[in-house]
Amino acid sequence: MTYFVILLDNFRGMYRTHTCGQLREEHIGQTVTLAGWVQKARDLGGMTFVDLRDRYGITQLAFNMETRPDLCSTARKLGREFVIQATGVVIARTSVNDHMATGQIELDVTELSLLNEALTPPFTIEKDTDGGEELRMKYRYLDLRRASVRDNLILRHRLAIETRKYMDEQDFVEVETPYLIKSTPEGARDFVVPSRLHPGQFYALPQSP
């Protein structure tokens, strides 16, 4: 049983012109649209900065209270993991961040759209999170957004792709064998196998078409 997913974001094309890990100094002066999750926001009085994240990276958004007070006020209400779309002009950062791939630039936002609000997550969605393993497994769908987990999944995906490409070039044929899963009461007759580890319980073949 194989599942194909668009990992962690589905913003491509429809909501953005570039990804949050794509912009560099050569893009300065261009008007672009980004979409993603709010990593964190910083209110510095006259300026508000928002780190916008997608699966490709993080880009800093800049909001100026003097030039666009309404937009800046809206940005200050954004919470972690809010999904937003931002359009603006790519400008050079006054304070370069060498720890970010996009640390040479930032987006001077001219338009901001809130696509979806979010509850405050139970742990920070960052590389080094403050959530214990039990909490992260309970909210696994949030844990999958962290860069360290995402990178492991992408590496596993690429290894599987390269392995299949190599085997195909050697004229092997991939034959998928069925998986045994937990039996569910769906009404149809199951092919069941008793579990030795859990007496009285059974594994069953999945009933997908």
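See above for the structure.
Since the structure is predicted, the reported quantities are computational estimates derived from the model, not experimental observations.

**Student:** What is the right way to read the overall build of the protein chain from this model?
**Tutor:** When helices and strands are tallied, the protein chain shows four helices and eight strands. Written out in order from the N terminus, the α and β elements of the protein chain read β-β-β-α-β-β-α-α-α-β-β-β. Taken across its 209 residues, the protein chain has 33% of its residues classed as buried. When contacts within the protein chain are restricted to residue pairs at least 6 apart in sequence, long-range pairs at least 24 apart make up 51% of them. For the protein chain, the computed accessible surface area is about 14,100 Å², with 53% contributed by carbon and sulfur atoms.

**Student:** Whenever I open this one, a nonpolar patch on the surface confuses me. Can you help?
**Tutor:** Together, M14, Y15 and L115 line one region of the surface with nonpolar side chains, adding up to about 290 Å² of accessible area. The class of Y15 is partly exposed, set by a relative accessible area of 31%.

**Student:** Honestly, the packing of aromatic side chains in this entry has me stumped. Any pointers?
**Tutor:** The description of an aromatic ring pair uses the distance of the two centres, along with the angle that the planes make with each other. As enumerated under the stated definition, the model contains one aromatic pair in all. Ring centres of Y139 and Y141 lie 6.4 Å apart, and the angle between their planes is 65 degrees; on these two criteria the pair is classed as edge-to-face. For Y139, a relative accessible area of 24% gives the class partly exposed. Residue Y141 is classed as exposed on the basis of its relative accessible area, which comes to 51%.

Criteria and cut-off values
- Residues numbered from 1 in each chain as written.
- Predicted model: local features only at pLDDT ≥ 70, side-chain atom pairs only at ≥ 80, totals over all residues.
- Heavy atoms only, no water.
- Helix = DSSP H or I, 4+ residues; strand = E, 2+ residues; numbered from the N terminus.
- Buried < 20%, exposed > 50% of the residue type's maximum accessible area, 1.4 Å probe, protein only.
- Contact = heavy atoms within 4.5 Å.
- Areas by Shrake-Rupley, 256 points an atom, 1.4 Å probe, with all protein chains shown as cover.
- Patch = residues over 30% accessible without salt bridge, like charges linked within 9 Å, V, L, I, M, F, W, Y side chains within 5 Å.
- Salt bridge = Lys/Arg side-chain N within 4 Å of Asp/Glu carboxyl O.
- Phe/Tyr/Trp six-rings, centres within 6.5 Å; stacked < 30°, edge-to-face > 60°.

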